[in-house]
Amino acid sequence: MPLSERFETELIEFTRQLVRLQSYSDHEGAVAEAVVARMRELGYDEAFIDSTGNAVGFIGGGDKIVHFDSHMDTVEAGDAGDWTLPPFAAEIRDGRLYGRGSVDMKSGLAASIYGAALARERGYANDKKICVSGSVCEEYCDGKNLKMMYRELTLRPDFVVICEPSDNVITLGHKGKAQMRIKTHGLSAHGSAPEKGINAVYEMAEIICRVEALNKKLTAGGDPHGTIVLSDISCVSASLNAVPSEAEIYLDRRLVLGETEQKVRAEMEELIAGKRATWETGTLRRTSWRGAALVYEPLHMAWKLDERSPLFSAANAAYEEAFGRAPERYDFWDFGTNAVTPVSMGIDTIGFGPGEYKLAHMLDENCEIEKIKDAARFYAELIGKL
């Protein structure tokens, strides 16, 4: 039986299989193996797991390379007892698939795997090379996974589709992100004689007030606007009877189009001005499920696809083919994705995926079944239009 006649049932069952496989960041191995196995069953020309732990498949051998990426990791479901339906049961109720990862983003992953296979069956892949990937540790290190994959495979796509949830709305860009650490430096002393020390927490107190004031300033300018939030705080003290010698805060700064790295650096200098403090990019270090070292520098500017791009035209044509109407609107994500890597390389990129992104990371995360099927059809048509 042709794939086009059976793909809907297979696609939904495969999505359910992926949701049942718990795959918190750095523990995606079972999903990677399931993805590669399904790619092979669908007749992909190549399907393998790279040294980082990304699952990768290729169809076709043309010169034009179209890459679809979805991350395999999910945030944790530590509140499992509070879910209406168990987070890893992948139950369907009222036409919606429930479970951790159903929105973010195993539905998009499954749809891209089947969409590429559909494209080949329809003859759309004869002059192209289609790459489909399931990437690791995006929740912590967005883009680092693809950077390592492209380097290992000597791969430079012509077009990239990030299959993050967009409720099947063509998404043309997203906000930038700068994550920073500020440290204040004090002088330790015994708690019975605090006047002999310099309390690093007290040094940090005014900086925290400045962070709050900066966020108010950023948001006062109307939409769209950037934001900054203090997301973690700690201190170093010789004991509970000592003056803290060091304090640290972690800041998450989201940027809109037009905001620059220079602007962020100037803001950080203003935050620490006159204090015993230093700042640095909030580098994160992780180890993938395959043992690869991930060193992530979270400093990315906002981006938006130029509407003169052939990818924009192809996406519009594919949408009309798949849905029977022209797009009514486009979206712009307020969160970061793996798109930061291809965009930094000058590669035209869009976002498109099933699921309402406001349900990601939430209790009772769920995705509409029909949107998963529609996404696969769109991916196939997009390949045909490029």
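Predicted model, so just to flag it, every value in this text is computed and none were measured. (Residues numbered from 1 in each chain as written. Predicted model: local features only at pLDDT ≥ 70, side-chain atom pairs only at ≥ 80, totals over all residues. Heavy atoms only, no water.)

### A look at the overall build of the protein
Part 1: Along its length, the protein carries 10 helices and 19 strands.
Part 2: A compact globule built from 386 residues should have a C-alpha radius of gyration of about 21 Å, and the protein, at 23 Å, falls within 12% of that.
Part 3: Taken along the three principal axes of its C-alpha coordinates, the protein extends 80 × 45 × 40 Å.
Part 4: Within the protein, the proportion of its 386 residues that are buried is 56%. (Helix = DSSP H or I, 4+ residues; strand = E, 2+ residues; numbered from the N terminus. Rg over C-alpha atoms; globule rule 2.2 N^0.38 Å. Buried < 20%, exposed > 50% of the residue type's maximum accessible area, 1.4 Å probe, protein only.)

### A short note on the state of the cysteines
Part 1: Under the defined criterion, the tally for this structure stands at zero disulfides.
Part 2: You can see C137 has no disulfide; the closest cysteine sulfur is in C141, sitting 4.1 Å from it.
Part 3: Of the residues examined, C137 reaches a relative accessible area of 0% and is grouped as buried.
Part 4: There is no disulfide at C163, and the cysteine sulfur nearest it, in C131, is 11 Å away. (Disulfide = S-S within 2.5 Å.)

### Some points on helix 10 (residues 369-385)
Part 1: In this model helix 10 runs 25 Å from its N-terminal to its C-terminal C-alpha over 17 residues, within 8% of the 24 Å that 1.5 Å per residue would give.
Part 2: Along helix 10, 13 of the 17 residues are buried, which leaves the element largely enclosed by surrounding structure. (Expected span 1.5 Å × (residues − 1).)

### What about the pairing of strand 9 (residues 176-185)?
Part 1: Judged by how many residues are buried, strand 9 sits mostly within the fold: eight of 10 residues are covered.
Part 2: The pairing of strand 9 with strand 11 (residues 246-255) spans 10 bridges and is antiparallel. If you follow A178 over to strand 11, its bridge partner there is R253.
Part 3: Alignment of strand 9 against strand 15 (residues 299-300), held across two bridges, turns out to be antiparallel. For K177, the partnering residue across the bridge sits in strand 15 and is H300. (Pairing = 2+ DSSP bridges.)

### Examining the pattern of salt bridges
Part 1: On inspection of all chains with the given rule, the structure shows 31 salt bridges.
Part 2: Across the pair K373 and E8 runs a salt bridge whose closest N-O atoms are separated by 3.7 Å. Here the residue K373 occupies a position in helix 10, and E8 occupies one in helix 1 (residues 3-20), the gap between them amounting to 365 residues.
Part 3: Since its relative accessible area comes to 12%, K373 is described here as buried.
Part 4: Owing to a relative accessible area of 30%, E8 belongs among the partly exposed residues under this scheme.
Part 5: Put simply, E259 and K263 hold a salt bridge, and the shortest N to O gap is 3.0 Å. (Salt bridge = Lys/Arg side-chain N within 4 Å of Asp/Glu carboxyl O.)

### Concerning the packing of helix 3 (residues 102-121) against helix 10
Part 1: Two numbers describe how helix 3 lies on helix 10: the axes approach to 7 Å, and their chain directions differ by 45°. As the angle between them shows, helix 3 and helix 10 are arranged oblique. With respect to the hand of their crossing, helix 3 and helix 10 are arranged in right-handed fashion. Between helix 3 and helix 10, the contacting residues are S107, G108, A111, S112, G115, A116, L118 and A119 on the first element and I372, A375, A376, Y379, A380 and I383 on the second.
Part 2: Across the contact of helix 3 with helix 10, the residue classes break down as 10 nonpolar, four polar and no charged. (Axes fitted to C-alpha atoms, helices over the stretch in contact; angles between N-to-C directions. Parallel < 35°, antiparallel > 145°, perpendicular 65-115°, else oblique. Left-handed = near helix turned anticlockwise from the far one by under 90°. Contact = heavy atoms within 4.5 Å. Nonpolar A, V, L, I, M, F, W, Y, C, P; charged D, E, K, R; others polar.)

### A look at the UniProt feature "domain: Peptidase M20 dimerisation" (unreviewed entry) in the protein
Part 1: As annotated by UniProt and renumbered to match this structure, "domain: Peptidase M20 dimerisation" (unreviewed entry) occupies residues 173-273.
Part 2: Structurally, residues 173-273 is divided into 32% helix and 32% strand, and its ends, taken at the C-alpha atoms, are 34 Å apart. (UniProt positions renumbered as here; feature names shortened; annotations may be inferred.)

### Quick word on the sheet that holds strand 4 (residues 92-93)
Sheet strands pair via backbone hydrogen bonds, and the direction of the pair is either parallel or antiparallel.
Part 1: Taking strand neighbours across the sheet as the criterion, the three strands line up as 4-5-19 in an open arrangement whose pairing is antiparallel. Each edge of the open sheet carries a strand with a single partner, namely strand 4 and strand 19 (366-368).
Part 2: Where strand 5 (residues 96-98) and strand 19 come together, three bridges link them in antiparallel fashion. In the strand pairing of strand 19, R96 is matched with E368.

### What to know about the side chain of H67
Part 1: Topologically, H67 is positioned in strand 3 (residues 64-71).
Part 2: A distance of 2.8 Å separates polar atoms of two side chains, one belonging to H67 and the other to Y150.
Part 3: What H67 contacts, discounting residues up to four positions off in sequence, is C131, S133, L146, M149, Y150, P157, F159, V160 and V161. (Polar contact = N/O pair within 3.5 Å; in protein donor to acceptor, adjacent residues only side chain to side chain.)

### Overview of the packing of aromatic side chains
Part 1: With the rule as written, the count across this model stands at 11 aromatic pairs.
Part 2: Relative to Y379, the ring of F352 has its centre 6.0 Å away and its plane inclined at 80°; by these criteria the two rings are edge-to-face. Remark: Y379 occurs in helix 10 and F352 occurs in the loop between strand 18 (348-351) and strand 19; sequence separation between them is 27 residues. Comparing F352 with Y379, the two get one shared label, buried.
Part 3: Site record: aromatic cluster; members linked through ring pairs are F68, F352, F378 and Y379.
Part 4: The residue whose ring lies beneath K129 is F58, and the NZ or CZ to ring-centre distance is 4.8 Å.
Part 5: Between the NZ or CZ atom of R286 and the centre of the ring of Y140, over which it lies, the distance is 3.6 Å. (Phe/Tyr/Trp six-rings, centres within 6.5 Å; stacked < 30°, edge-to-face > 60°. Lys NZ or Arg CZ within 6 Å of the ring centre and 35° of its normal.)

### Some thoughts on the pairing of strand 8 (residues 171-174)
Part 1: As defined by bridge partners, strand 8 adjoins strand 17 (residues 331-333) across two bridges and the pair is classed as parallel. Bridge assignment links H174 to a residue of strand 17, and that residue is W333.
Part 2: Of the strand pairs in this sheet, strand 8 and strand 16 (residues 303-304) are connected by two bridges, and their pairing is antiparallel. Bridging from a neighbouring strand, G173 pairs with K304 of strand 16.

### Concerning the environment of I350
Part 1: Checked against the element boundaries, I350 lands in strand 18.
Part 2: Sequence separation between I350 and G108 is 242 residues, and the spatial gap between their C-alpha atoms is 14 Å.

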